[in-house]
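Residue-level structural notes
Spelled out, the chains give:
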Amino acid sequence: MGMSQTQNCFGYPLSIFFIVVNEFCERFSYYGMRALLILYFTQFLKWDDNLSTAVYHTFIALCYLTPILGALIADSWLGKFKTIVSLSIVYTIGQAVTAISSINDLSNSNHDGTPDNIAVHVALSMIGLALIALGTGGIKPCVSAFGGDQFEESQEKQRNRFFSIFYLAINAGSLLSTIITPILRVQECGIHSKQACYPLAFGVPAALMAVALIVFVIGSGMYKKVKPQGNIMAKVVKCIGFAVKNRFRHRSKEFPKREHWLDWAKEKYDERLISQIKMVTRVMFLYIPLPMFWALFDQQGSRWTLQATTMNGKIGILEIQPDQMQTVNAILIVIMVPIVDAVVYPLIAKCGFNFTSLKKMTVGMFLASMAFVVAAIVQVEIDKTLPVFPKGNEVQIKALNIGNENMTIFFPGKTVTLDQISETNEFFTFDVNTLTSINISSNGSPGVPVKYTFEAGHRHTLLVWAPNSYRVIKDGLNQKPEKGQNGIRFVNALDYSFSVTVDGKNYTDITSYNASSYQFLPSGMKHFTLISAGIPENCEKSFKSELGFGSAYTYVIRTQNGCPKEKAFEDISPNTINMALQIPQYFLMTCGEVVFSVTGLEFSYSQAPSNMKSVLQAGWLLTVAVGNIIVLIVAGAGQFSEQWAEYVLFAALLLVVCIIFAIMARFYTYINPAEIEAQFDEEEKKKNPETPDHTMDPVTQTVM
C-alpha cells in the first residue's frame, strides 16, 4: 500500500475535500452536457426525433457499460488514482471536442448561418461523445471508492457521512448544470452569424471537467493510494465459467446431482469463494427485471424533453427552456430523499407494515409506470391543441387581402368579404378534385377566376390586392413548428423590395406583392430590421415582437403615413399547454427513483459479501445500460404515429415487469453475508488453529 501521511480537518482526511470538489465539477460537466444533447441533435444537427432519441440512449448505455472497463483497469493494472487521472484526461478531451463540434462557423464558409458540411460536425460530436462515455463511465466505479479508501478503520462514522456528502455533491452538480447550461444555450453567439450558443453551453462543462481534473491532481500528495490487488470480477467470471464447463462435462446420469450448480466448481475453487459467488448470483438474478425501470427513467432527457418543446414554457414571470425541465428531477431528489427517510419510512414502520427493500423497489417501479401514464395523458391534451393539416387529396386555402380596398372571394360553397389588410379567420379545407373554381371581386366588379393548380396535401395562401391582381403562395408548412420554434414569414405590400434581418437570419429581397419562405426562430422578444433603399430617411426601420412557443406568423409590411408598417397574422397558434403540467410526472418518477434506486443499492450491498461490492456495482450499472438499449429497441421497432401510445406501451411493459419482480421478491430469502463469512472463519480456525483470521478485501462502497 502506497500512502502519504494523513492530514485531518474537522476529523476528516483533508484529501476527501479534493475528491468531493472533483465529483461536483465532474457531475456538473456530465449532466450539463447531457441536458443539451437531445436539442443539439434535433436543432443543430437537424436529426429527427427518433434518430436523436436512438443516439441519445446509445450514448447513455455506453456511459453505463464502460464502468466495467474502468473497474478492470483500476483493480488489475493502474490502481484507482491513475485510472481516474488517465480517464479524466480522455473525458476532458471528449468534452472539448463536443464543444468544438457545435461551432457553426467551423464549416460555414459562405456565412449564411447554416453549416456547409454537417458531416464534419456529426463526426466530431460522435468522437467527443465516445471519449466522454469512456471517461465518465471509466471513473464512475473508482472515485467514490477511492474516497472511501482515505479513511482509517476507526473512522467508519466519518466514512458513512462522506458518502452522504458525496451524494449531495452529485445532486448539487446536476441541479446547477441543468439550470445553467440551457440558459447559456439560448444566448446568441457566432463570428459571422448569430446562432444559439451551443459552443458556450458545451464549453462550460468542458471547462468544469478540466477544473475537476486539476483539483483532483492537486490533492495527489495527500491521498492514500491502494495498489491494485487483482480483479475480483475476473475471479468470479472464471469460477462461474469453470462450474458451467464442469457441469457440462459431467452431464450424464452416472454423476450424482449437486445441491447448487456452482458446486461444480469445487474441484478447482475453495468453498468460501463459491459461497460468496452464490450470494452474488442470487442478487444478480433479481437484477434481471430492473433494466425496464431505467428504460423509463432515462427518457426524462429524451422523450420528455421533446414533449416539453411542444408546450408553453411561460410559468409566471419565468420562461423555462424545454431542457431545463430536467432540473425538476434534481430539485425533487434533494427534497424527497430526506422526507422519505425521515418521515415516510418511519410512518410506515409505525403502522406495523414490514416495508422490506424489495417491496420498496416494487413500489418504485409502479410509480415510474404511473409517471408514464401521466405523460401519456399530458400528450393527449397537447395533441388536442394541434392544428388540423390537409391529408391525402385535401388542400387548405387562406385568403389575405393586402390591398387598399375591400375584396370578395368566392370559394366553392362559401363567400368571404375581406377588409383592407385582413385575412380569413381560418384555413378552408377542400378536396382537390372538387375544387372547381375560386373567383375574386371588388365593389360589384365581375368575378375574376383564380388560375392555379393547387397541390394536394399542402396549405396555400391566396394574396389579393385588386380584382385582377392576386398571387397564390404554397406555404410549405404542413406541421406545427418543431422544438418550440416559431415559423416567421413576410409579405411585401409595398411598391419596392426589401430585406429583413432577425436573430442572424436573413429574408433577402422580398419583391412587391410577394411572400418570403418561413424561417424558424426560438421564443422570446425579437427585433426585426427592414433594409431597403426605398424606405424614407425619417421612417422607423425596425420593430419588435414577442414570440411564444410553436407558433407561425405572417408579417405584412404595408405603407402607413408614407412609412412601412408591419401587421402580424397568426397562421398557427402558439403552444397553450403549460410545461408546469409535466411536474406531476416528474414527481412520480422522482418518488420512484428515491424508493427504487437508493434502496436497490442498499439492498445489493447488504446481501453481498464484502469483497464483491464492486462486482454488484458493475452489475447494477449494467442494468442502466440495458435499460437504455430497451428504449432503442422499443422506440425503433414501434414507430408509433402517436407519441401517447408509446408512453402507454412503456408504462404497460414496466407494470408487467413490476408484477414479475414482486413475485420474484416474494420467494427471496434475506441473508446476512457477514454471518456466513464468520462461519467460514470459524471453520478455518478449527482446521488451522495457528492460522490468522482470514482477511477480507476492503469494503467497496460506490455511489452512482
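As shown above, the structure is provided for reference.
Below or above, wherever it landed, is the structure these notes cover.

Rules of the game
- Residues numbered from 1 in each chain as written.
- Predicted model: local features only at pLDDT ≥ 70, side-chain atom pairs only at ≥ 80, totals over all residues.
- Heavy atoms only, no water.
- Helix = DSSP H or I, 4+ residues; strand = E, 2+ residues; numbered from the N terminus.
- Buried < 20%, exposed > 50% of the residue type's maximum accessible area, 1.4 Å probe, protein only.
- Contact = heavy atoms within 4.5 Å.
- Areas by Shrake-Rupley, 256 points an atom, 1.4 Å probe, with all protein chains shown as cover.
- Lys, Arg positive; Asp, Glu negative; His and termini not counted.
- Charge placed at Lys NZ, Arg CZ, Asp CG, Glu CD.
- Pairing = 2+ DSSP bridges.
- Axes fitted to C-alpha atoms, helices over the stretch in contact; angles between N-to-C directions.
- Patch = residues over 30% accessible without salt bridge, like charges linked within 9 Å, V, L, I, M, F, W, Y side chains within 5 Å.
- Salt bridge = Lys/Arg side-chain N within 4 Å of Asp/Glu carboxyl O.
- Expected span 1.5 Å × (residues − 1).
- Bend = angle between axes of the 7 residues up to and from the residue.
- Parallel < 35°, antiparallel > 145°, perpendicular 65-115°, else oblique.
- Left-handed = near helix turned anticlockwise from the far one by under 90°.

Here we look at the overall build of the protein
- Of the regular secondary structure elements, the protein holds 15 helices and 26 strands.
- Overall, the protein is about 120 × 55 × 50 Å in size when its C-alpha atoms are taken along their principal axes.
- The buried share among the 704 residues of the protein stands at 53%.
- Of the contacts formed within the protein by residues at least 6 apart in sequence, a portion of 73% connects residues at least 24 apart.
- Only carbon and sulfur atoms are counted for the fraction: they give 60% of the accessible area of the protein, which is about 31,100 Å².
- Charged side chains in the protein number 56 positive and 56 negative. The centres of these two groups are separated by 6 Å.

Let's talk about the sheet that holds strand S23 (residues 524-531)
- Strands sit in the order S20-S19-S23-S24 across an open sheet of four strands; the sheet is antiparallel. Either end of the sheet is taken by a strand with one partner, and the two such strands are strand S20 (505-510) and strand S24 (542-547). Within this sheet the neighbouring strands show an average axis-to-axis angle of 20°, counted without direction.
- Note that S23 and S24 share six bridges and pair antiparallel. Each bridged residue has a counterpart across the sheet, and for Phe528 the counterpart in S24 is Phe543.

A closer look at a negative patch on the surface
- Taken together, the side chains of Asp270, Glu271, Glu682 and Glu683 present a region of like negative charge at the surface.
- Within the secondary structure layout, Glu683 lies in helix H15 (residues 673-687).

Digging into helix H3 (residues 118-149)
- With 32 residues, H3 extends 47 Å from end C-alpha to end C-alpha; this agrees with the ideal 46 Å at 1.5 Å per step.
- The principal kink in H3, of about 40°, is found at Lys140, preceding the proline Pro141 by one to four residues.

Looking at the sheet that holds strand S11 (residues 414-418)
- Ordered in space as S11-S10-S14-S15, the four strands form an open sheet in which the pairing is antiparallel. The open sheet has two edge strands, S11 and strand S15 (448-449), and neither has a second partner.
- With two bridges connecting them, strand S14 (residues 439-441) and S15 associate as antiparallel partners. Residue pairing in the sheet places Ile440 in a bridge with Val448 of S15.

Focus on the packing of helix H2 (residues 49-101) against helix H5 (residues 198-218)
- Here H2 crosses H5 at 165°, and the two axes come no closer than 8 Å. On the basis of their axis angle, the class for H2 and H5 is roughly antiparallel. The two elements H2 and H5 cross, and the hand of that crossing is left-handed. Here Phe81, Ile84, Val85, Ser88, Ile89, Tyr91, Thr92, Gln95, Ala96, Thr98 and Ala99 of H2 come into contact with H5, specifically with Pro199, Phe202, Gly203, Pro205, Ala206, Met209, Ala210, Leu213, Phe216 and Val217.

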